[in-house]
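# Examination of the molecular architecture
Below are the chains, spelled out letter by letter.
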Amino acid sequence: MYDEIFRPIVAGLFMGWANVIPGISGGTIAVIMGIFERFIDVINNIMAFKISRKDINFIATLVLGIAVGIITGSKLLTWAFQNHSFYTYSFFFGLILFSLWNFRNEVSQFRFFEFVAGFLIVVVPYLFKSGQSNVTSVEGGFGYVFLALAGVIAGAAMVLPGVSGSLLLMLMGYYEAAIKTVSKLTKVLTGGLLISDFLFLLTLGIGVLIGIGIISKVLKVWFEKAKLSVLNFILGLLAGSLYPITPAYHGSGNVFGMLLWIAVGGLVVYALGKFER
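Read on for a plain summary of the structure. (Residues numbered from 1 in each chain as written. Predicted model: local features only at pLDDT ≥ 70, side-chain atom pairs only at ≥ 80, totals over all residues. Heavy atoms only, no water.)

### Here's the deal with the packing of aromatic side chains
Applying the stated criterion across every chain, the model contains six aromatic pairs. Seen from their ring centres, Phe86 and Tyr87 are 5.2 Å apart, and the 85 degrees between their planes marks the pair as edge-to-face. Residue Tyr87 is classed as partly exposed on the basis of its relative accessible area of 23%. Here the aromatic rings of Phe110 and Phe115 are separated by 5.3 Å at their centres, their planes lie at 55 degrees, and the arrangement is tilted. Counting every residue linked through ring pairs, the aromatic cluster contains Phe91, Phe92 and Trp261. The side chain of Arg38 reaches across the aromatic face of Phe58, ending 5.0 Å from its centre. (Phe/Tyr/Trp six-rings, centres within 6.5 Å; stacked < 30°, edge-to-face > 60°. Buried < 20%, exposed > 50% of the residue type's maximum accessible area, 1.4 Å probe, protein only. Lys NZ or Arg CZ within 6 Å of the ring centre and 35° of its normal.)

As structure tokens, this is what we get:
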């Protein structure tokens, strides 16, 4: 019951929230929740048309959680990060820091090259974060082609721990339009979602699914050929993800409050681990 229903729904909810905010990775949440390798396996089974009933239950509950997380996160977490960014990032910092401490036990042998590669993949994009332009509307066939390509890149990033799909959408100029359009889903019954909004979400969504499929296949092969290497790579991704969410980069607050929310993040990781066992 826990592995097939509760854990995928909770993981999906947190992954949906994470993918709304630039700097937080849905893949990191998948690692924290212990579903990352299972997720990769299920995606590859779907692509190979070898999906089982357990796979269907897993992916359906996960997608349900992600959908709820994205829809609610587009409003709730956006408000939290805009109004209390310092303490909100403190919570996520504690969540990832303590997860990193736990994940190190999965790596039987440290490999410097794979660790540094993962670390730099997360950190380097933030060096180019400033100065990006925003796409306010999508027009013409080529506009939708570029939107789909942006979705492919963001989808691949959403799977990788530590790499923020939202950040890459921001760098490509689509983040603001995407988050505004997603927030309109709550107004679909009142006519607040236009045809152009639907086409935007459909095109971006197809791109994201393609990106998830491609990166999942790559990771599956890598897991099978050199699991120790990919675990060190993921360790580097997790370590690198601490840089962009360091609370000091996101407003100001008192040290006690920061430590308190870091501790709360750590307690969440501890509670999830105890519940899993």
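### Points about the nonpolar core
Phe36, Phe39 and Leu62 are the most contacted members of the largest nonpolar core, which totals 67 residues. Of all the elements, helix H12 (residues 227-241) adds the most residues to this core, at nine residues. Setting aside its immediate chain neighbours within four residues, Phe36 contacts Gly27, Ala30, Val31, Val159, Pro161, Leu219, Phe223 and Ile234. (Core = buried A, V, L, I, M, F, W, Y, C linked by side-chain atoms within 4.5 Å. Helix = DSSP H or I, 4+ residues; strand = E, 2+ residues; numbered from the N terminus. Contact = heavy atoms within 4.5 Å.)

### Some thoughts on the pattern of salt bridges
Using the criterion set out here, one finds three salt bridges in the structure. A salt bridge links Lys220 to Asp41, with the shortest nitrogen-to-oxygen separation between them at 2.7 Å. Here Lys220 is found in helix H11 (residues 195-225), whereas its partner Asp41 is found in helix H3 (residues 36-47), with 179 residues between them in sequence. According to the relative accessible area criterion, Lys220 is partly exposed, its value standing at 24%. Asp41 sits in the partly exposed class, given a relative accessible area of 24%. Ionic pairing is found between Glu114 and Arg111, a salt bridge with its closest N-O pair at 3.9 Å. Exposure remark for Arg111: the relative accessible area of 30% places this residue in the partly exposed category. (Salt bridge = Lys/Arg side-chain N within 4 Å of Asp/Glu carboxyl O.)

### What to know about the packing of H3 against helix H4 (residues 53-73)
Where H3 contacts H4, the axes come no closer than 10 Å and their chain directions differ by 115 degrees. Here H3 lies roughly perpendicular to H4, going by the angle between them. Handedness of the crossing formed by H3 with H4: left-handed. Here Arg38, Phe39, Val42, Ile43, Asn45 and Ile46 of H3 lie close against H4, whose contacting residues are Lys54, Asp55, Phe58, Ile59 and Leu62. For the contact of H3 with H4, a count of residues per class yields seven nonpolar, one polar and three charged. (Axes fitted to C-alpha atoms, helices over the stretch in contact; angles between N-to-C directions. Parallel < 35°, antiparallel > 145°, perpendicular 65-115°, else oblique. Left-handed = near helix turned anticlockwise from the far one by under 90°. Nonpolar A, V, L, I, M, F, W, Y, C, P; charged D, E, K, R; others polar.)

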